[in-house]
Amino acid sequence: MLNPSDVDQQFLTSPGLVIEGPQVDPVRELLLKFMGEQEAENRKTLSVDSVPLDESGLRELLASQCWRAALEFTTRFPNSTWSRSGSEGTESFTHSQDLTGLVLPNSTPVQAANFYPDTYPGRKGSMVPFSLRILQAELPQYMGRPKDALDNLYDLQRTSCKQEILLVPSACYLVSEESICSLETWKQHKPISNRWSLKPLGIQNHSAGVVMNKGLLALSAGSFDEAHRHFIAATKLDPYNSVAVNNVAVCLLFLGKLKEALSLLERIIWKDPKTNLQEGLLFNLCTIYELESSYSSQKKQKLLELVAKHRGDGFNISCLKIG
């Protein structure tokens, strides 16, 4: 292993990005294509020029999920006051966070704190947070490769010194047959030691998490009635959990109750769009629209208008299955 003391510090460089031109807002582009120039102009999101040129401005962009504007912020102002005050690690992590949120084909090398003794005196080991490693392991499931994501999580489990890990079978895009396959693959793996926790993403109530796991196992076995009962029980234990509600809708779809599934998803999204405009819910709702009628395009455009009001430029428009 390379010893940091053997490396001439003058040859070390900070991570950086080369971004040509401003980042395009994909939601605005869809509005322009399907709704016209007026609707596109009415789309209001935060930009680099609308926030303070300091750390508070960057945090504001990230909180609004304006990933593209945040990425532009870190490239346009790499030498601003907030980065000169010893925040190189913050800037580097922000690059990684923006790129991960955008799912862009860029990789971030593992950075060791002991290679930057002036910035991180006395610190050793990787500067990459464990949560980012979990996110990297999960990414393949959002790219249609649930088996790869599961393998990544098990590999992370074997090599990690942490005591807990989130193992997440596909709980959002359950309409996909590959998601059922991922659950079956999960059942074939060797049993997990009791010291590892198994919790579906988004579950805050422990009892609801246990019930959700039972529902996922029943779903993988094709027992849709049983899975539906478990997911209904999970929503009663944790009424605000959209993943549980989404899985109820999926079970209804598999049970041939398309209208009920459609009504359930529409109700939860339109009732609280700020919270429930999630890619998994929208993907399933748009899929049901396609199954329900030939007027799915008009209904998807209504969802696009809702997204334009409540989501930033980092929103993944592919879940709308439009254009």
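Reading guide: rules and limits
Residues numbered from 1 in each chain as written. Predicted model: local features only at pLDDT ≥ 70, side-chain atom pairs only at ≥ 80, totals over all residues. Heavy atoms only, no water. Helix = DSSP H or I, 4+ residues; strand = E, 2+ residues; numbered from the N terminus. Buried < 20%, exposed > 50% of the residue type's maximum accessible area, 1.4 Å probe, protein only. Contact = heavy atoms within 4.5 Å. Areas by Shrake-Rupley, 256 points an atom, 1.4 Å probe, with all protein chains shown as cover. Axes fitted to C-alpha atoms, helices over the stretch in contact; angles between N-to-C directions. Parallel < 35°, antiparallel > 145°, perpendicular 65-115°, else oblique. Left-handed = near helix turned anticlockwise from the far one by under 90°. Nonpolar A, V, L, I, M, F, W, Y, C, P; charged D, E, K, R; others polar. Phe/Tyr/Trp six-rings, centres within 6.5 Å; stacked < 30°, edge-to-face > 60°. Lys NZ or Arg CZ within 6 Å of the ring centre and 35° of its normal. Arc of directions from axis to C-beta. Polar contact = N/O pair within 3.5 Å; in protein donor to acceptor, adjacent residues only side chain to side chain. Salt bridge = Lys/Arg side-chain N within 4 Å of Asp/Glu carboxyl O.

The name given to the protein in an unreviewed UniProt entry is Trafficking protein particle complex subunit 12, and the organism recorded there is Desmophyllum pertusum.

How do you make sense of the overall build of the protein when you look at a structure like this?
Looking only at helices and strands, the protein has 16 helices and 0 strands in total. In the protein, which comprises 323 residues, the proportion classed as buried is 44%. In the protein, once contacts between residues fewer than 6 apart in sequence are set aside, the share between residues at least 24 apart is 60%. Only carbon and sulfur atoms are counted for the fraction: they give 52% of the accessible area of the protein, which is about 17500 Å².

I tried to follow the packing of helix α13 (residues 258-271) against helix α15 (residues 279-292) on my own but got confused; where do I start?
For any two helices packed against each other, one specifies the inter-axial angle together with the distance between the axes. Contact pair α13 / α15: the axes reach a minimum separation of 10 Å and the direction vectors enclose 140°. Regarding the angle of α13 to α15, the classification is oblique. Handedness of the crossing formed by α13 with α15: left-handed. Contacts from Leu258, Lys259, Ala261, Leu262, Leu265, Glu266 and Ile269 of α13 reach α15 at Leu281, Leu282, Asn284, Leu285, Ile288, Tyr289, Leu291 and Glu292.

Looking at this structure, how should I read the packing of helix α3 (residues 55-63) against helix α4 (residues 67-76)?
Packing of α3 against α4 brings their axes to within 8 Å, and their N-to-C directions diverge by 155°. As far as their axial angle goes, α4 and α3 are roughly antiparallel. Two packed elements cross with a definite hand, and for α3 against α4 that hand is left-handed. Two secondary-structure elements touch here, α3 through Leu58, Leu61 and Leu62 and α4 through Trp67, Ala69, Ala70, Phe73 and Thr74. In terms of residue class, the contact of α3 with α4 is made up of 7 nonpolar, 1 polar and no charged.

I would appreciate a short explanation of the packing of aromatic side chains in the present structure.
Note on aromatic pairs: each is described by the distance of the centres and the angle between the planes. All told, the structure shown has 1 aromatic pair when counted by the stated rule. Ring centres of Phe224 and Phe254 lie 4.8 Å apart, and the angle between their planes is 25°; on these two criteria the pair is classed as stacked. In this pair, Phe224 sits in helix α11 (residues 224-237) while Phe254 sits in helix α12 (residues 242-254), placing the two residues 30 residues apart along the sequence. For Phe254, a relative accessible area of 27% corresponds to the partly exposed category. It is Lys321 that lies over the ring of Phe283; its NZ or CZ is 5.0 Å from the centre.

Quick question: what am I supposed to make of helix α1 (residues 26-34) here?
Turn by turn, an α-helix covers 3.6 residues, leaving residues three or four places apart pointing in a common direction. Every buried residue of α1 is listed here: Pro26, Val27, Leu30 and Leu31. Axial view of α1: buried residues confined to an arc of 145°, hence all on one face. Residues of α1 that are buried sit in contact with α2 (37-42), α4 and α16 (296-310). Where α1 starts, the residue carrying a side-chain oxygen 3.1 Å from the main-chain nitrogen of Val27 turns out to be Asp25. One or two residues past the end of α1 sits Gly36, with phi positive at roughly 105°.

Any chance you could explain α3 here in plain terms?
Looking only at α3, the buried set comprises Gly57, Leu58, Leu61 and Leu62. Buried residues of α3 fall within an arc of 135° about the axis and therefore sit on the same side. Counted as exposed and oriented over 90 degrees from the buried face of α3: Arg59 and Ala63. A positive phi of about 60° marks Gln65, the residue just after α3.

What exactly am I supposed to notice about the pattern of salt bridges here?
Two side chains bearing opposite charge may form a pair once their charged atoms approach each other closely. Across all of its chains, the model carries 7 salt bridges by this definition. In this structure, Lys300 and Glu290 form a salt bridge, with 2.6 Å as the shortest nitrogen-oxygen distance. Remark: Glu290 occurs in helix α15 and Lys300 occurs in helix α16; sequence separation between them is 10 residues. On the basis of relative accessible area, Glu290 is assigned to the partly exposed category, the value being 37%.

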